[in-house]
Amino acid sequence: GAGVSQSPSNKVTEKGKDVELRCDPISGHTALYWYRQSLGQGLEFLIYFQGNSAPDKSGLPSDRFSAERTGGSVSTLTIQRTQQEDSAVYLCASSSLDRAAYGYTFGSGTRLTVV
Amino acid sequence: DAKTTQPPSMDCAEGRAANLPCNHSTISGNEYVYWYRQIHSQGPQYIIHGLKNNETNEMASLIITEDRKSSTLILPHATLRDTAVYYCIVRPAPNDYKLSFGAGTTVTVRA
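The structure reproduced in this document is the subject of the present report.

Conventions used here
All residue numbers refer to position in the chain's written sequence, counted from 1. Each chain is given a letter, starting from A, and each ligand a number, starting from 1, according to the order in which they appear as written. Thresholds applied to this predicted model are a pLDDT of at least 70 for local features of residues and 80 or more for the giving and counting of side-chain atom pairs; totals over whole chains, interfaces and linings are not thresholded and use all residues. To get the side-chain values, all heavy atoms of the structure are used, and hydrogens and water are removed first. Here the rule is simple: two strands pair whenever DSSP picks up at least two bridges between them. Secondary structure counts use DSSP, requiring at least four H or I residues in a row for a helix and at least two E residues in a row for a strand, with both numbered from the N terminus. Axis definition: a line fit to C-alpha positions, over the contact stretch in the case of helices; interaxial angles, taken between N-to-C directions, run 0 to 180 degrees. Residues are treated as being in contact if the distance between any of their heavy atoms lies within 4.5 Å. Accessible area that two parts lose when put together, evaluated with a 1.4 Å probe and summed over both, is termed the buried area. One side-chain nitrogen of Lys or Arg within 4 Å of one carboxyl oxygen of Asp or Glu is enough to make a salt bridge. Here a polar contact means two N or O atoms within 3.5 Å. Within protein one must be a hydrogen donor candidate and the other an acceptor candidate, and residues neighboring in sequence count only if both atoms are side-chain atoms. Only Asp, Glu, Lys and Arg are considered charged in this grouping, and only Ala, Val, Leu, Ile, Met, Phe, Trp, Tyr, Cys and Pro are considered nonpolar; every other residue, Gly among them, is considered polar.

### Considering the sheet that holds strand β3 (residues 19–24) of chain A
All names here are of chain A.
Part 1 of the argument: Strand order in the open sheet formed by 4 strands is β1-β3-β7-β6, with antiparallel pairing between adjacent strands. Where the open sheet ends on each side, the last strands, each with one partner, are β1 (5–7) and β6 (65–69). Direction aside, neighbouring strands of the sheet carry axes that sit 15 degrees apart on average.
Part 2 of the argument: Bridge count between β3 and strand β7 (residues 75–79): 5 bridges; the pairing is antiparallel. Looking at the pairing, Glu-20 lines up with Thr-78 of β7.

Right, here's the structure in full:
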């Protein structure tokens, strides 16, 4: 597609429920990143996928968070047993490896609210 | 990674140049300076980056001091659509993916 697409754009969930957030990167981009941005805060790195390599999961805040990328394209970020502190905007970005120096293309994010 | 310091906010008149400062006094020799901006309800958008030399593209110019301890992002003719939070980031290498965004500078362009 023309840009990075994320869905849903907004998600309200009850504490304790599981949620899945989806990211469609730009076609042909081999690198995909998940970040989260809490209200009034900067971005926090979560996870990085590059081609067929093992993902860098070092930014995931707890074992309730997981992500996968199927077929080297679409990625799903799953949060199990959501907590109120998980409320944030979850941003996905992609880049082609040879263009990574020129920055990433971010999606518009999924605003998650845990009530 | 080197930390950056930016003013929390600044105003700019439409049509005038906006000069956004950033201090990165602990930057090391191989670290790059990147600028992104985030317009309300959107994801961050790459603007420009540089290592030592000044850089210019269709969006902005980046001026890096000779000692590399600070830089200035210049929006040559600010428009209302340039109202956003601007982030200055120091990045160890061009392909380092763990971007660390601070609070940035909230720039408000006024008519």
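Having seen the structure, we can now continue with the description.
### Here's the deal with the interface of chain B and chain A
Part 1 of the argument: Across the contact, 18 residues belong to chain B and 18 residues belong to chain A.
Part 2 of the argument: Together, the buried faces of chain B and chain A total about 1500 Å²; carbon and sulfur atoms form 55% of this surface.
Part 3 of the argument: In this structure, the connection of chain B to chain A is made through 0 salt bridges.
Part 4 of the argument: Across the contact surface, chain B and chain A share 5 residue pairs in polar contact (both at pLDDT 80 or more).
Part 5 of the argument: Looking at the side of chain B that touches chain A, the elements with two or more residues in it are β3 (32–38), β4 (45–50) and β8 (84–91) of chain B.
Part 6 of the argument: Per element, the largest residue contribution to the side of chain B that touches chain A is 3 residues, and it comes from β3(B).
Part 7 of the argument: Considering only residue class, the side of chain B that touches chain A consists of 9 nonpolar, 6 polar and 3 charged.

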